[in-house]
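Listed below, chain by chain, are the residues.
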Amino acid sequence: MSSSFPTKRLRRLRKSEKMRNLVQEVLFSANDLICPVFVQENLKERNVVKSMPDIIRLPLEDLTGEIEKIKELKIPAIMLFGIPAKKDDAGTGSFVDDGIVQKAISQVRQNFGDNIVIMADVCLCQYTSSGHCGILRENKIDNDASLKTLAEIALSQARSGVDIVSPSAMMDGQVKAIRQILDDNGFTDVGIMSHSAKHRSSFYNPFRDAADCAPQFGDRKTYQVPFTNPREAMREIESDITEGVDIVMVKPALAYLDLIAETKRIHNIPISAYSVSGEYALVKAASQLGWINEIDIMTEILYSIKRAGADMIVTYFAKKMASNLSK
Ligand code: PBG
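The rules we used
Positions within a chain are numbered from 1, following the residues in the order the chain's sequence is written. In view of the model being predicted, local features appear only for residues whose pLDDT reaches at least 70, and side-chain atom pairs are presented and counted only at 80 or more, with totals across whole chains, interfaces and linings using the full set of residues. Think of the side-chain values as coming from all heavy atoms in the structure, minus any hydrogens and water. In this analysis, rings of Phe, Tyr and Trp, with Trp reduced to its six-membered ring, are considered paired at centre separations within 6.5 Å, and the interplanar angle assigns stacked below 30 degrees, edge-to-face beyond 60, and tilted for intermediate values. Helix and strand labels come from DSSP, where a helix needs a run of H or I of at least four residues and a strand needs a run of E of at least two; each type is numbered from the N terminus. Only protein chains enter the accessibility calculation, which uses a 1.4 Å probe; a residue is then buried when its area is under 20% of its type maximum, exposed when over 50%, and partly exposed in between. Put simply, a charge is over a ring when the Lys NZ or the Arg CZ is close to the ring centre, within 6 Å, and near the line of the ring normal, within 35 degrees. Each salt bridge in this description consists of a side-chain nitrogen of Lys or Arg and a carboxyl oxygen of Asp or Glu lying within 4 Å of one another. The rule for a residue being near a molecule or strand is that one of its heavy atoms must lie within 4 Å of it. Nitrogen and oxygen atoms within 3.5 Å of one another constitute a polar contact, given that in protein one can donate a hydrogen and the other can accept it, and given that sequence-neighbouring residues count only through two side-chain atoms. Charged means Asp, Glu, Lys or Arg here, nonpolar means Ala, Val, Leu, Ile, Met, Phe, Trp, Tyr, Cys or Pro, and polar covers whatever is left, Gly included.

## A word on the packing of aromatic side chains
For the structure shown, the criterion picks out eight aromatic pairs. Plain terms: the ring middles of Phe81 and Phe207 are 5.1 Å apart, the flat faces sit at 75 degrees to each other, and that makes the pair edge-to-face. Linking Phe81 in strand E4 (residues 77–83) with Phe207 in helix H6 (residues 205–211), this pair joins segments that are 126 residues apart in sequence. Just as Phe81 is buried, Phe207 falls in that class too. Relative to Tyr316, the ring of Tyr274 lies with its centre 6.1 Å away and its plane at 50 degrees, an arrangement referred to as tilted. Pair noted here: Tyr274 is in strand E11 (residues 271–275) and Tyr316 is in the loop between strand E12 (312–315) and helix H11 (318–325), with a separation of 42 residues, a long-range link. One exposure class covers both Tyr274 and Tyr316, and it is buried. Joined through ring pairs, the aromatic side chains of Phe38, Phe81, Phe207, Tyr274, Tyr280, Tyr316 and Phe317 make up one cluster. Above the ring of Tyr204, the side-chain terminus of Lys198 is found at 5.4 Å from the ring centroid. The ring of Tyr274 carries the charged tip of Lys251 above its face, separated from the ring centre by 4.6 Å.

## Observations regarding the pattern of salt bridges
For the coordinates displayed, the defined rule picks out 16 salt bridges. With a shortest N-O distance of 3.1 Å, Lys306 and Asp32 are connected by a salt bridge. Pair noted here: Lys306 is in helix H10 (residues 294–308) and Asp32 is in the loop between helix H1 (17–23) and strand E1 (33–40), with a separation of 274 residues, a long-range link. Comparing Lys306 with Asp32, the two get one shared label, buried. Here Asp62 ties to Arg46 by a salt bridge, and the two come within 3.0 Å at their closest N and O atoms.

## Regarding the site of the ligand
As a structural note, the neighbourhood of the ligand is formed by 16 residues, with Lys198, Arg208, Lys251, Ser277 and Tyr316 the closest of them. Between the ligand and the protein, one listed contact pairs a nitrogen atom with a side-chain N or O atom of Ser168 at 3.0 Å. Arg220 is positioned with one of its side-chain polar atoms (N or O) 2.9 Å from an oxygen atom of the ligand. Its residues assigned to classes, the shell around the ligand shows nine nonpolar, three polar and four charged.

This is the structure in structure tokens:
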């Protein structure tokens, strides 16, 4: 045979399904999934989020049934978001002991014990009249005043029985402030998964329908990371690690795979990726139009996030992915 034939034939390892299984490099399991759950105060009936098909806002009465389903699908963790009945300037609903998330946490803890990891979002935007993630002073976010409230939220969630608090407000020093209040109150075992490199992103728009948290004026550019600045994103991650975070997060996921990969390369810490509402909505819309196959695209996207280096993924596809993996 002529020497111009290839000696390397990568197709040898692709020739049958068993052979492909044997050499598969990246594996995805339901254990990699965190399922977001929205609970709304004083809600009569569950309602579907318009821009996020299949995603539901639940009344507290429906929560246990929902967690049962998530658990049956072998998803190990939930991420709770609350929508309060009332908003005010101080975001009071976020940290009171009978707040919607606090009630949800204790209900899940009571009914499921340690059989599901309870994570909860720590932020203010659903709870403040302004829709901003911090406390305002003269129409500007007061970073340090906001830290006090975020710490109170985390503490109230810890009292309710949360496993991991997940600050998403992008206030400087939020991990340190939360770690300190938790430790001072004996909650040394409550973990922190910070939305460390959370970008100012248009991919969050459908979530604002889901959680009713659109800013009433301005935008989040003064506190979220610009998507033009990867080194700045890495500094956010570094500072969270210095402040004692347990799990860092890159958010959104799909358009930010470079940052997931870079974090994996230089840091020795669990990495979560948040595949956000807009990522979900794009796939749902295109599949409703019949232009793509939802399951195939979902699977490929979630594998890409895993391949980039994420150890776990918060995704609105959690239930669908888990159910598909079990087939
Ligand atoms: C609020 C918060 C947002 C998301 C999670 N927590 C919205 C925002 O920052 O505007 C977005 C999640 C998603 O889009 O799925 N702090």
